[in-house]
Amino acid sequence: MAQRVSRKIVITVALLVTGFAILFSVGLRGSLVYYLTVSEFLDPARQTDLGDNFRVNGTVEPGSIRRLEGTPGARFVMTDGVKTLPVVYRKEVPDTFVDGAETVVEGSIGPDGTFAASTLLAKCPSKYEAQNRATNNYRKPAGEDSPSGARDTGVLPR
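Residues numbered from 1 in each chain as written. Predicted model: local features only at pLDDT ≥ 70, side-chain atom pairs only at ≥ 80, totals over all residues. Heavy atoms only, no water.

## Some thoughts on the overall build of the chain
Okay, step 1: Tallying secondary structure elements over the chain gives three helices and seven strands in all.
Okay, step 2: What you see in the chain, going N to C, is helices and strands ordered as α-β-α-β-β-β-β-β-β-α.
Okay, step 3: In the chain, buried positions account for 23% of the 158 residues.
Okay, step 4: Considering only intrachain contacts with a sequence separation of at least 6, the fraction spanning at least 24 residues in the chain is 45%.
Okay, step 5: Total accessible area on the chain stands at roughly 11,800 Å², and carbon and sulfur atoms take up 55% of it. (Helix = DSSP H or I, 4+ residues; strand = E, 2+ residues; numbered from the N terminus. Buried < 20%, exposed > 50% of the residue type's maximum accessible area, 1.4 Å probe, protein only. Contact = heavy atoms within 4.5 Å. Areas by Shrake-Rupley, 256 points an atom, 1.4 Å probe, with all protein chains shown as cover.)

In structure tokens form, the structure reads like this:
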């Protein structure tokens, strides 16, 4: 004979499941952003149903970085090689943010068509140092013939 489950327990479990579902959906809403390239972001057909916040990937166009006077931050142009996007970032920029650096910005587009970034990520060039050494694209410091401590042993440094 099956044992009956109390009505109070069923209602309590249903309320707990509903509460956790609401907390989960509200928590995800603020943290989910679309990750797009510059061309994908500027495609008008894609912007209609993506929301307001985006994460856009591209490289900094050489010579486009303009430091903001009197405040931290910079204006620059980001490109994916096909299209360009003007970006303004009003916080302290990282040291790895230079011309030609691959960057990811997170924010929203302003009424003037400039992307207002709230987050700026620049790839660290040291992560690719081993690859540059392997391909002989390593920039040698002045006065050195080879990278310090690195000899051409055929083994990539870790």
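## Some points on the pattern of salt bridges
Okay, step 1: Applying the stated criterion to the full structure yields two salt bridges.
Okay, step 2: Of the charged contacts in the structure, one is a salt bridge between Arg 55 and Glu 106, with a shortest N-O distance of 2.6 Å. Placement of Arg 55 in strand S2 (residues 54–60) and of Glu 106 in strand S6 (residues 102–109) is noted, with a sequence separation of 51 residues between them.
Okay, step 3: Since its relative accessible area comes to 29%, Arg 55 is described here as partly exposed. (Salt bridge = Lys/Arg side-chain N within 4 Å of Asp/Glu carboxyl O.)

## Focus: the nonpolar core
Okay, step 1: Core analysis: the biggest nonpolar cluster contains 20 residues, and Val 56, Phe 76, Val 87, Phe 97, Val 105 and Phe 115 have the highest contact counts within it.
Okay, step 2: For this core, the secondary structure elements donating two or more residues are helix H2 (38–42), S2, strand S4 (74–79), strand S5 (84–89) and strand S7 (115–122).
Okay, step 3: In terms of residue count, the dominant contributor to this core is S7 (four residues).
Okay, step 4: Here Phe 97 is in contact with Val 60, Ile 65, Arg 67, Ala 74, Phe 76, Thr 103, Leu 120 and Ala 122, once residues within four sequence places are set aside. (Core = buried A, V, L, I, M, F, W, Y, C linked by side-chain atoms within 4.5 Å.)

## A word on the packing of aromatic side chains
Okay, step 1: What the rule picks out here adds up to three aromatic pairs.
Okay, step 2: Between Phe 41 and Phe 54 the ring centres are 4.9 Å apart and the planes differ by 75°, which places this aromatic pair in the edge-to-face class. Highlighted residues: Phe 41 in helix H2 and Phe 54 in strand S2, separated in sequence by 13 residues. In terms of burial, Phe 41 and Phe 54 fall into one category: buried.
Okay, step 3: Relative to Phe 97, the ring of Phe 76 has its centre 4.8 Å away and its plane inclined at 65°; by these criteria the two rings are edge-to-face. Pair noted here: Phe 76 is in strand S4 and Phe 97 is in the loop between S5 and S6, with a separation of 21 residues, a long-range link.
Okay, step 4: On the basis of relative accessible area, Phe 76 is assigned to the buried category, the value being 2%.
Okay, step 5: Residue class for Phe 97 comes out buried when judged on its relative accessible area of 3%. (Phe/Tyr/Trp six-rings, centres within 6.5 Å; stacked < 30°, edge-to-face > 60°.)

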